[in-house]
Amino acid sequence: MAFKIVTSQCTACSACEPECPNNAIREKDGTFVIKPEKCTECIGYFDDPQCVAVCPVDDTCVIDNSYPRYVAA
Amino acid sequence: MNSHAGGVSTGADRPKSMEEVMQQVAEHKGCGTSGEGGKASCGSSGGPEDMDPAIWEKVKNHPCYSEEAHHHFARMHVAVAPACNIQCNYCNRKYDCANESRPGVVSEKLTPEQAAKKVLAVASTIPQMTVLGIAGPGDPLANPEKTFRTFELVAQTAPDIKLCVSTNGLALPEHVERLSQYNIDHVTITINMVDPEVGQHIYPWIFWKNKRWKGIDAARILHEHQMRGLEMLTERGILCKVNSVMIPGINDQHLVEVNKAVKSRGAFLHNIMPLISAPEHGTVFGLNGQRGPTAQELKALQDSCEGEMNMMRHCRQCRADAVGLLGEDRSAEFTTEKIESMDVHYDLEGRKAYQAAVEQERQATVAAKQAELADLEAEFSDVKVLIAVATKGHGRINEHFGHAQEFQIYELSTEGSKFVGHRRVDLYCQGGFGEEDTLPTVIRAINDCVAVFVAKIGGCPKDSLKAAGIDPVDKYAHEFIEQSAVKYFKEYLAKVKSGEIVHAARGDADIRQGAYIAA
Ligand code: SF4
Ligand code: SF4
Ligand code: SF4
C-alpha cells in the first residue's frame, strides 16, 4: 500500500511536499498528489507517515488500498 | 510647505510634485485633498517617553507598530508561505488562513518571483509603501525557502523596504541566524500563553522533529521555542512584537502573565487582539461556541497591561495579501494579471524624498494638538469619554459616515486624546449603506462612544444616532482628528458644568464577527 491524498480535501497548503523523505509528493492542477510507486509509507525513515502528521486536514492523506503493502527491501 | 519634494516616478516616468502625488494618492482613495494646499497630515508626540530612541527610530515609520505612522505609511503582505507547522483552534486552514479577515475572500498564493514583482509594482505606485510582510496563510518559517527567496529578491531591487515576518514561533530558533543575515529587523510572534496547561486548550497539535505532538507536550514545546526565539531575537537586536489572541475563559486573565514574560525577554510591543469566532468559520472555537471578548473586556485587559509596556491598539487583523494604509485595501489594483503587464520602474530617490516630506509634515502638525491641550480644566480629571471617528487616513476627519468601513476610537480626558482602537463595520453594510436594517449594527459597534466624528452624514442616520445617545458631529469635517477631539471635549465639559448634559458611563460595544485572527 501507499498513501494517497484525497483531492477534495486538500487545501494545497504544500506542507506535505518538503516533508516526504522520498520526494513522492508533487503539486498537480492546484492540489497535491502522491506518486504511489515512490511512497514507502515512510518505512525506514520515520515512525509516522510524514504527510499524515503534517497535514492540517484530517483524513486527507490516507492509505490507498489499491496498492499492495510496502515491504522494506 | 514641502514644495521642494522630489519627483516620484510612476509607470509614466514623470516627476511629480508633492501636491500632485498627494492628490493622486487621495484620488485612489476616493477623496481629494485639494483646497488644503496638499497639506494632509497629522501627528502626535515625537516618541513615547519610555521607548529607547533607537527603537523609536526603527518603529516610527512602521504602519503595524507605530500608532501614528499608520496614518501615513503603508504596508503590504504577500502570501508566499501557505504551509503551517502547528494547528490553532481559531484557525481553519481547510478554507483559508487565520489572517483572512473576510470569509470567502481567498488570499492569492504567489511564487517568490511573482511576489517580488508585485512588491516593486506597488512600491513604485504608492511611495508610502515602506514595509513588506510575509504573513499567513501559513507560517513564513514553516516555508523558509519561499520566504527567504522573496526577501532576497526584494532586497536586491528595493533595499529601502523593511522586511518583516509573522510567525507562531515554533521554527523561530532554527531560523533566527538566517533572518539576521537577511537584514530583517521586524518579527512578530503570536504568543497566546506561557503555560502549557493553558496552551493545550488553544493548540491541538504541532509538527516538530518529524512527529505530530499533541496536548500538553505540544504546548510545552511551542512555548519553549517561542521564548527561546524571542530571546535570540533580542540578543541580536532584532525588533520583536508579540501578538496575543484574547480568548475569554481560556487565556484572558493569563495574558497579563504573557505580557510580563514577553516584556522581560525584550519584546517592545504587545498587541492583544480579540478572538473572532463564528460557527461558519468552521474553526474548533467557532464550532464549540467559544465566544470572543466584548470591546469593554478587550479594553480592560489592554489597560491592565498598559503600564507594563507599549500596547498596540490599532491592529486591524489585516488580510494576508492586503495592500495599502492599514485598514484600506488596494489589492484589486495589483492582481497578478495586472502586474504581469506592468512595466515597473523603481525610483529609490523619489521614494526617499516623499517619505522625508511626510515626516516633516507630521512633526509640524504636532503643535496643533499641543495648543488645544494647554488649557484643559483639571477639575474634570476623572471624566473619560470615547469618540468614534470616520477617517480615510492622514489624521483627518475625512470620511462620510455612510462610507466608513471602520471607525477609529479615541479616548478623551483632561490628559488629551488617546487612540485606543478600531471598530470595523464593513461587514455590516455589505448591502449598501444607509439601509435601515444595517444602521443598528453600526450603532452597536460604536455604542460605547458619546459621539461620532464624520466629514458628512445624512439626516436619517443622524436621527438614529441621536436616539441612541451618540452625538453625530460633522462640524470638524476635514480637520485634524486629535485637535478636533480636544475641542469637542472642552465643549463637552462646559456642557456638563452648566448642567446641559449629564456625564454617565456608556454601555459596551460589539466587536465585529466574521473575521479570523492574524497568526
Ligand atoms: S507516507 Fe511518507 S513516503 Fe509516502 S507520501 Fe507520505 S511522506 Fe511520502
Ligand atoms: S498537507 Fe494536506 S492539505 Fe496540505 S498540500 Fe498536503 S495533502 Fe494538501
Ligand atoms: S493561525 Fe497561523 S499559526 Fe495558527 S494554524 Fe493557522 S496558519 Fe498556523
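You'll find the structure just up there.
Here goes a summary of the coordinates provided. (Residues numbered from 1 in each chain as written. Chains lettered and ligands numbered in written order. Predicted model: local features only at pLDDT ≥ 70, side-chain atom pairs only at ≥ 80, totals over all residues. Heavy atoms only, no water.)

Within chain B, the secondary structure is distributed over 16 helices and 15 strands. A buried classification covers 61% of the 519 residues belonging to chain B. Partitioning the intrachain contacts of chain B with sequence separation of at least 6 by distance along the chain shows that 73% fall at a separation of at least 24. On chain B, roughly 19500 Å² of surface is accessible, and the fraction owed to carbon and sulfur atoms is 50%. (Helix = DSSP H or I, 4+ residues; strand = E, 2+ residues; numbered from the N terminus. Buried < 20%, exposed > 50% of the residue type's maximum accessible area, 1.4 Å probe, protein only. Contact = heavy atoms within 4.5 Å. Areas by Shrake-Rupley, 256 points an atom, 1.4 Å probe, with all protein chains shown as cover.)

When its secondary structure is counted, chain A shows two helices and four strands. Counted from the first residue to the last, chain A has its helices and strands arranged as β-α-β-β-α-β. The globule rule puts the C-alpha radius of gyration for 73 residues at 11 Å, and the 11 Å found for chain A is close to it. Taking the principal axes of its C-alpha atoms as reference, chain A extends roughly 35 × 25 × 20 Å. Evaluated residue by residue, chain A yields a buried proportion of 47% over its 73 residues. For chain A, the proportion of contacts with a sequence separation of at least 24, taken over those separated by at least 6, is 64%. In the form shown here, chain A has an accessible surface area of approximately 4000 Å², with 49% of it arising from carbon and sulfur atoms. Side chains of chain A give 6 positive and 11 negative charges; the mean places of these two sets differ by 8 Å. (Rg over C-alpha atoms; globule rule 2.2 N^0.38 Å. Lys, Arg positive; Asp, Glu negative; His and termini not counted. Charge placed at Lys NZ, Arg CZ, Asp CG, Glu CD.)

The next thing to look at is the site of ligand 2. Every residue close to ligand 2 is listed here: Ile-5, Cys-10, Thr-11, Ala-12, Cys-13, Ser-14, Cys-16, Phe-32, Cys-55, Pro-56, Thr-60 and Cys-61 of chain A. Residue composition of the shell around ligand 2, grouped by class: nine nonpolar, three polar and no charged. (Near = heavy atom within 4 Å. Nonpolar A, V, L, I, M, F, W, Y, C, P; charged D, E, K, R; others polar.)

Before going further, it helps to examine the interface of chain A and chain B. Counting from both sides, the interface comprises 17 residues of chain A and, opposite them, 14 residues of chain B. Carbon and sulfur atoms make up 48% of the surface buried where chain A meets chain B, a total of about 1200 Å² over both sides. Three residues, Thr-11, Ala-53 and Pro-56 of chain A, lead the burial of chain A against chain B; their summed loss comes to 31% of the area buried on that side. Our enumeration of links across chain A and chain B arrives at zero salt bridges. (Buried area = accessible area lost by both parts, 1.4 Å probe. Salt bridge = Lys/Arg side-chain N within 4 Å of Asp/Glu carboxyl O.)

Here we come to the sheet that holds strand 6 (residues 205-208) of chain B. Residues and elements named next belong to chain B. Taking strand neighbours across the sheet as the criterion, the three strands line up as 2-6-7 in an open arrangement whose pairing is antiparallel. Single-partner strands in this sheet number two, and they are strand 2 (86-87) and strand 7 (211-214). Pairing of strand 6 with strand 7 involves four bridges; the strand directions are antiparallel. Of the residues in strand 7, the one forming a bridge with Trp-208 is Lys-211. (Pairing = 2+ DSSP bridges.)

To continue, consider helix 7 (residues 215-235) of chain B. Residues and elements named next belong to chain B. Under the 1.5 Å per step criterion, the end-to-end length of helix 7 is 31 Å for 21 residues, consistent within 8% with the ideal 30 Å. Those residues of helix 7 that sit buried are Ala-218, Ala-219, Ile-221, Leu-222, His-223, His-225, Gln-226, Met-227, Gly-229, Leu-230, Met-232 and Leu-233. A positive phi of about 70° marks Gly-237, the residue just after helix 7. (Expected span 1.5 Å × (residues − 1).)

This part takes up the pattern of salt bridges. All names here are of chain B. Considering all chains together, one arrives at 17 salt bridges over all chains under this definition. Here Lys-392 and Glu-399 are joined by a salt bridge, their closest N and O atoms 3.7 Å apart. Both residues of the pair, Lys-392 and Glu-399, belong to the buried class.

Looking now at the site of ligand 1. Lining the immediate surroundings of ligand 1 are 13 residues, of which Cys-20, Asn-22, Cys-39, Cys-42 and Cys-51 of chain A lie closest. Class assignment of the residues belonging to the shell around ligand 1 gives a composition of nine nonpolar, three polar and one charged.

Once that is clear, we can look at the nonpolar core. One recurring pattern in soluble globular proteins: nonpolar side chains tend to sit buried together. Val-78, Leu-132 and Phe-151 of chain B are the most contacted members of the largest nonpolar core, which totals 52 residues. Sort the elements by how many residues they give to this core and helix 3 (residues 112-125) of chain B lands first, with six residues. Among the nonpolar cores identified, the runner-up in size contains 23 residues, and Ala-2, Cys-20 and Val-57 of chain A together with Trp-205 of chain B belong to it. (Core = buried A, V, L, I, M, F, W, Y, C linked by side-chain atoms within 4.5 Å.)

With that settled, consider helix 3 of chain B. Look at helix 3 of chain B: 20 Å from first C-alpha to last across 14 residues, which is about the 20 Å you get at 1.5 Å a residue. Most of helix 3 of chain B sits inside the fold, with ten of its 14 residues counted as buried.

We now examine the packing of aromatic side chains. Residues and elements named next belong to chain B. In the structure shown here, the tally under the stated rule is five aromatic pairs over all chains. Geometrically, the ring pair formed by Phe-401 and Phe-407 is tilted, given 5.8 Å between the ring centres and 40° between the ring planes. Given the relative accessible area of 1%, Phe-407 is considered buried. Aromatic side chains Phe-489 and Tyr-492 sit 6.4 Å apart centroid to centroid with 10° between the ring planes, which places their arrangement in the stacked category. Here the residue Phe-489 and the residue Tyr-492 both occupy positions in helix 16 (residues 481-498), the gap between them amounting to three residues, near one helical turn. For the pair Phe-489 and Tyr-492, one class covers both residues: buried. (Phe/Tyr/Trp six-rings, centres within 6.5 Å; stacked < 30°, edge-to-face > 60°.)

The pairing of strands in a sheet happens through backbone hydrogen bonds and is either parallel or antiparallel. Residue and element names in this part refer to chain B. If you walk across this open sheet you meet the five strands as 13-12-11-14-15, and the pairing is mixed. Edge strands, defined here as strands with exactly one partner in the open sheet, are strand 13 (416-424) and strand 15 (471-473). Between one strand axis and the next, the sheet turns through 25° on average, direction left out of account. Both strand 11 (residues 385-389) and strand 12 (residues 406-413) contribute to a ladder of five bridges, which runs antiparallel. Note that in strand 12 the partner of Leu-386 across the bridge is Glu-411. (Axes fitted to C-alpha atoms, helices over the stretch in contact; angles between N-to-C directions.)

The next subject is the side chain of Asn-168 of chain B. Residue and element names in this part refer to chain B. Assignment of secondary structure puts Asn-168 in the loop between strand 4 (162-167) and helix 5 (172-181). A polar contact of 3.0 Å, which involves the side chain of Asn-168, links it to the side chain of Asn-85. Of the polar contacts made by the side chain of Asn-168, one reaches the backbone nitrogen of Leu-170; its length is 2.9 Å. (Polar contact = N/O pair within 3.5 Å; in protein donor to acceptor, adjacent residues only side chain to side chain.)

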